Amino acid sequence: MEHITNFINKKGLTLVEVVVFVAVFSIILLVVVSSLFWMSSSGFKTKADREAGENARRVLEIMNYEIRGAKSIYTPTTTSNQLSLETSRYLSVGENGTFVDFFLCGSAICFKKESQNPISLTSDSVQVTNLQFSQVLNGTIPSIKINLTVSSVTLTSTASLRNY
């Protein structure tokens, strides 16, 4: 009983107790800080993946819209990584046809109307690593298959010319 009384009446901590306390506190603090960093980085990655997916879907919607409204595929300038379409949209007075192009410019996808400067369809915060076009014949109606990779998101779409 006397031993317990001495322990209770003792004033202060021993060096061993302080070292053990600091070690346990440091380990707990390290676990908490590591968890916060992990949650923060996974949130940033999720946001980046979501933005890449939204960019890819929006670009595919624009391309599909232009393909469906095109008069024909302009084969002299269409390659596996550039699509040129003859269209009735965006006409100047007195014209009955004009051309639009989709292509990779740097790490972005660009859209160019005839005699105008190209505009980027993707945001600066994503990188397009793959853009490929291939022609597919569905009976007599030409179609375009698009393979697109934006950051870590890969999408494929096929659109047919309706005005053919």
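That block above? That's the structure.
Everything numeric in this text was worked out from a predicted model, so none of it was measured.

Caption draft 1: Quick look at a nonpolar patch on the surface. There is a patch of nonpolar side chains on the surface, built from L13, V18, F21, V22, F25, L29, V33 and F37 and spanning about 820 Å² of accessible area. Structurally, V18 can be placed in helix α2 (residues 15-69).

Caption draft 2: Structural detail: the pattern of salt bridges. Scanning the entire structure with this criterion turns up three salt bridges. Of the charged contacts, one joins K45 and D49 as a salt bridge, the two residues approaching to 3.1 Å between their closest N and O atoms. A residue pair is termed a helical-turn pair when its members lie 3 or 4 positions apart in one helix, as K45 and D49 do in helix α2 at four residues. For K45, a relative accessible area of 52% puts it in the exposed group. For D49, a relative accessible area of 29% gives the class partly exposed. For the salt bridge of R89 with E66, the shortest nitrogen-to-oxygen distance reads 3.5 Å.

Caption draft 3: Just the pairing of strand β6 (residues 128-138), in detail. Across ten bridges, the pairing between β6 and strand β7 (residues 141-150) is antiparallel. Along β7, the bridge assignment pairs V136 with S143. Here β6 hands over to β7 after two residues, with G139 in that stretch at a positive phi of 70°.

Caption draft 4: Structural context of the sheet that holds strand β5 (residues 119-120). Spatially, the five strands line up as an open sheet ordered β1-β2-β3-β4-β5, and their pairing is antiparallel. One side of each edge strand has no neighbouring strand; the edge strands of this open sheet are β1 (70-73) and β5. Across six bridges, the pairing between strand β3 (residues 98-105) and strand β4 (residues 108-113) is antiparallel. By the bridge assignment for β4, F102 is matched with F111. Seen against the sheet, α2 touches β1, β2 (82-87), β3 and β4 and runs at an angle of roughly 95° to β1.

Caption draft 5: Expanded view of the packing of aromatic side chains. Counted according to the given criterion, the structure contains four aromatic pairs. A centroid spacing of 4.5 Å and a plane angle of 55° characterise the contact between Y74 and F99, whose relative ring orientation is tilted. You can see Y74 sitting in the loop between β1 and β2 and its partner F99 sitting in strand β3, a full 25 residues away along the chain. On the accessibility criterion, Y74 (32% relative accessible area) is partly exposed. F99 gets classed as partly exposed once you look at its relative accessible area, which sits at 24%. Centroid distance Y90 to F111: 6.4 Å. Interplanar angle 65°. Geometry classified as edge-to-face. You can see Y90 sitting in the loop between β2 and β3 and its partner F111 sitting in strand β4, a full 21 residues away along the chain. Residue F111 is classed as buried on the basis of its relative accessible area, which comes to 6%. An aromatic cluster of three or more residues is present, and its members are Y90, F102 and F111.

Definitions and cut-offs
- Residues numbered from 1 in each chain as written.
- Predicted model: local features only at pLDDT ≥ 70, side-chain atom pairs only at ≥ 80, totals over all residues.
- Heavy atoms only, no water.
- Patch = residues over 30% accessible without salt bridge, like charges linked within 9 Å, V, L, I, M, F, W, Y side chains within 5 Å.
- Areas by Shrake-Rupley, 256 points an atom, 1.4 Å probe, with all protein chains shown as cover.
- Salt bridge = Lys/Arg side-chain N within 4 Å of Asp/Glu carboxyl O.
- Helix = DSSP H or I, 4+ residues; strand = E, 2+ residues; numbered from the N terminus.
- Buried < 20%, exposed > 50% of the residue type's maximum accessible area, 1.4 Å probe, protein only.
- Pairing = 2+ DSSP bridges.
- Contact = heavy atoms within 4.5 Å.
- Axes fitted to C-alpha atoms, helices over the stretch in contact; angles between N-to-C directions.
- Phe/Tyr/Trp six-rings, centres within 6.5 Å; stacked < 30°, edge-to-face > 60°.

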